[in-house]
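Now for the letters of each chain:
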Amino acid sequence: MISSKKESVEELCQDVLSHIISYMEADQGAIFLVNDDQLQNEEKVLQLTASYAYSKEKLEQGKMYPGEGLVGTCFSNAEVTRIDNLPEDYTYIGSGLGKAT
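Scoring rules and cut-offs
- Residues numbered from 1 in each chain as written.
- Predicted model: local features only at pLDDT ≥ 70, side-chain atom pairs only at ≥ 80, totals over all residues.
- Heavy atoms only, no water.
- 1 Å grid on protein atoms, 1.4 Å probe; cavity = no way out; pocket = protein on both sides within 12 Å on 5 of 7 lines; lining within 4 Å.
- Points joined across faces, edges and corners; volume = space filled by probe spheres on them.
- Helix = DSSP H or I, 4+ residues; strand = E, 2+ residues; numbered from the N terminus.

(A) Spotlight on the layout of surface pockets. Estimated volume of the largest pocket: approximately 1,500 Å³. Forming the boundary of the largest pocket are 37 residues, of which Q28, G29, A30, Y54 and L70 lie nearest the centre. Only α1 (9–24), β1 (29–34), α2 (56–61), β3 (63–64) and α3 (69–77) provide two or more residues apiece to the lining of the largest pocket. The element best represented in the lining of the largest pocket is α3, accounting for 5 residues.

What follows is the structure, encoded as structure tokens:
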């Protein structure tokens, strides 16, 4: 159950993501929100707001632009993209205990 009393959007997104990960039995996930505060010259920025098992490099980057990478492409196309049969080293799952493919 998601608590209705949250201190911030980040807390709410993290709570929602935790429930989605559990429901889908996923290994990794993230929520990106369009950051309207940073709209300069009409360029949108997708800000990493919540994550689960994301690598340190991805966490440090923290933002993406429409059309950039898988997240930016899904945003630009306004559709979900399903990818099957990924190469074994396509992504890393990270935690305080280490990382794995």
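(B) Structural context of unusual backbone geometry. The phi dihedral of E25 is positive, around 55 degrees, even though this residue is not glycine. In this structure, E25 sits in the loop between α1 and β1. For A78, which is not glycine, the phi dihedral falls at a positive 55 degrees. Here A78 shows up in the loop between α3 and β4 (93–95).

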